[in-house]
Amino acid sequence: MEPTNSLPWIIFELKQQLYAISTERVTGIAQMPSLTFVPNAPPEFLGVTSVRSNVVPVLELKRLLNISDNKEQTLNASKMLAHKLEGATEFVKEITRCLKAKEEFGVSDTEAFFGDKFDKAFVSDRSEVSELISEIQSLESELLIKISEARSEPEKLREAESCGKKLIRALTSAHEKINDNSYKMLIFLSDVPGSVDACLCFVVDKVRAVDELEMIENKNDNRCLYMSGYICGVAHNEKIKGEILITDDKEIVKMVHVYNKSVAEKNGNGK
C-alpha cells in the first residue's frame, strides 16, 4: 500500500540514493554522537545513544536495506593513509636534513615511503574525502617530479620540501575525516504516532530536506521491484532530482522489538 498521510517527509541519503520517511513518527534529528556498544545486540544495530535521558538503540538502516557500508574498505584506506603519512613525514624530514646539510637528496625507493595507490570508488559518497585523496595523489606526483628535478637543479629541493609539507597536511586531514562519522545524522522515531518519546533511531548519510512529496503510481513498470520489505513506495520532489524511495516507518519501528528480544534472550533474561 502506498503512503497516504499528508504530513511533510524527511528526505535523506544513503550512499547517494534518496529515501524519505514520514514525519508522523519522527521525534527529532541529531548529528551522529559517540555510541555505546551493546554486547549481544542484533547485527543491524550499532549500539545505543541517550536522548532526553532515555537510552535508544541505534539502527544501521543500510544493513537493514542490504546496502553495502564499505566498512572494510574504509578500514583498509585508514591504514593506508596512516602508512602514507608516516612515510611522507620521514621523506620530508630527509629533504629538510639534506637542505640544512647542503647535501644531495639520495632517496630513490619512493615506494617504501608512499606505498599503494588509492581506489577512490569506496569514498564516492564522501565528497570531501574523495577531494582530499585527489589532492594527495596530485601532491605525490608533484613531489616526485620535484625530487627528480632536484638532481640536476638543487634549488628544486626547497620546492619539494614545501610540496611535501602540503602532502603531510592533506594526509593528516584525510585520515581524520575518513575515521569521522560526525557528518552522519540520526533520525529518531516513536512507536506511537505523535509521541515525543523516541524508541529507536537510525543512521543516514545526509538529511536533504523536509518537504512534501509527489507519489508515483505503481503501474506496469519496474518500480514495483521496490515495493517490498522496508520500502513501500516511490516519489518525486520538485526541488530535488531523482526518484525517492519511501521507507515504511511502521516496519522500521518494529525493529526495536527485535533488538529488545535479542538482547534479553542472549543475556539470559528472555522467556
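Residues numbered from 1 in each chain as written. Predicted model: local features only at pLDDT ≥ 70, side-chain atom pairs only at ≥ 80, totals over all residues. Heavy atoms only, no water.

Engineer: Tell me about the packing of aromatic side chains, residues and numbers included.
Structural biologist: Here the structure, examined in full by the defined rule, presents four aromatic pairs. Ring geometry for Phe12 versus Phe202: centroids 5.6 Å apart, planes at 55°, classification tilted. Of this pair, Phe12 sits in strand E1 (residues 9-14) while Phe202 sits in strand E7 (residues 200-204), and the two are 190 residues apart along the sequence. (Phe/Tyr/Trp six-rings, centres within 6.5 Å; stacked < 30°, edge-to-face > 60°. Helix = DSSP H or I, 4+ residues; strand = E, 2+ residues; numbered from the N terminus.)

Engineer: Can you break down the sheet that holds strand E6 (residues 185-189) residue by residue, with the values?
Structural biologist: Pairing within the open sheet is mixed, and its five strands lie in the order E3-E6-E7-E5-E4. For this open sheet the edge positions go to strand E3 (26-31) and strand E4 (45-51), each flanked by a neighbour on one side alone. Going across the sheet, the axis of each strand differs from the next one's by a mean of 30°, ignoring polarity. As defined by bridge partners, E4 adjoins strand E5 (residues 54-59) across six bridges and the pair is classed as antiparallel. Paired with Val51 across the strands is Asn54, a residue of E5. (Pairing = 2+ DSSP bridges. Axes fitted to C-alpha atoms, helices over the stretch in contact; angles between N-to-C directions.)

Engineer: Let's hear about the sheet that holds E1: which residues, and what values?
Structural biologist: Reading across from one edge, E8-E1-E2-E11-E10-E9 is the order of the six strands in this open sheet, with mixed pairing throughout. A strand with exactly one partner marks an edge of an open sheet, and here the two such strands are strand E8 (206-211) and strand E9 (214-215). One ladder, built from five bridges, connects strand E10 (residues 231-237) with strand E11 (residues 240-247); its direction is antiparallel. Bridge pairing in E11 links Ala235 to Ile244.

Engineer: Can you lay out unusual backbone geometry for me, pointing to particular residues and giving the numbers?
Structural biologist: Residue Asn40 is not a glycine yet carries a positive backbone phi of 70°. Residue placement: Asn40 occurs in the loop between E3 and E4. The phi angle at Lys102 is positive, at roughly 55°, despite the residue not being glycine. As for its position among the elements, Lys102 is in the loop between helix H2 (71-101) and helix H3 (111-114). Look at Lys102 and you get exposed, because its relative accessible area is 79%. (Buried < 20%, exposed > 50% of the residue type's maximum accessible area, 1.4 Å probe, protein only.)

Engineer: Got a sec to walk through the environment of Val196? Specific residues and values, please.
Structural biologist: Locating Val196 in the fold gives a position in the loop between E6 and E7. Given the relative accessible area of 56%, Val196 is considered exposed. It is 5.3 Å that separates the C-alpha atoms of Val196 and Thr27, two residues lying 169 residues apart in sequence.

Engineer: Now, about the environment of Val55: what can you tell me, with residues and values included?
Structural biologist: Assignment of secondary structure puts Val55 in strand E5. As a C-alpha pair, Val55 and Leu200 span 145 residues in sequence and 8.9 Å in three-dimensional space. When sequence neighbours within four positions are dropped, the list of residues in contact with Val55 reads Val48 and Thr49. (Contact = heavy atoms within 4.5 Å.)

Engineer: Got a sec to walk through helix H7 (residues 255-266)? Specific residues and values, please.
Structural biologist: Its twelve residues give H7 an end-to-end C-alpha distance of 16 Å, which sits within 8% of 16 Å, the value for a rise of 1.5 Å per residue. What H7 keeps buried is the set Met255, Val256, Tyr259, Ser262 and Val263. Each buried residue of H7 sits inside an arc of 135° when the element is viewed along its axis, so together they form one side. Of the exposed residues in H7, those oriented more than 90 degrees away from the buried face are His257 and Lys261. On its buried side, H7 packs onto E4, E5, helix H1 (61-64), E7 and helix H6 (249-253). Of the residues one or two after H7, Gly268 is the one with positive phi, at around 80°. (Expected span 1.5 Å × (residues − 1). Arc of directions from axis to C-beta.)

Engineer: Kindly report on the packing of H2 against helix H5 (residues 156-178), identifying the contributing residues and their values.
Structural biologist: Put simply, H2 and H5 touch, their axes get as near as 9 Å, and they point 155° apart. Here H2 is positioned roughly antiparallel relative to H5, judged by the angle of their axes. Where H2 crosses over H5, the two elements pack in a sense that is left-handed. In the contact of H2 with H5, the residues fall into 16 nonpolar, seven polar and four charged. (Parallel < 35°, antiparallel > 145°, perpendicular 65-115°, else oblique. Left-handed = near helix turned anticlockwise from the far one by under 90°. Nonpolar A, V, L, I, M, F, W, Y, C, P; charged D, E, K, R; others polar.)

Function cannot be inferred from these measures alone, as they are strictly geometric.
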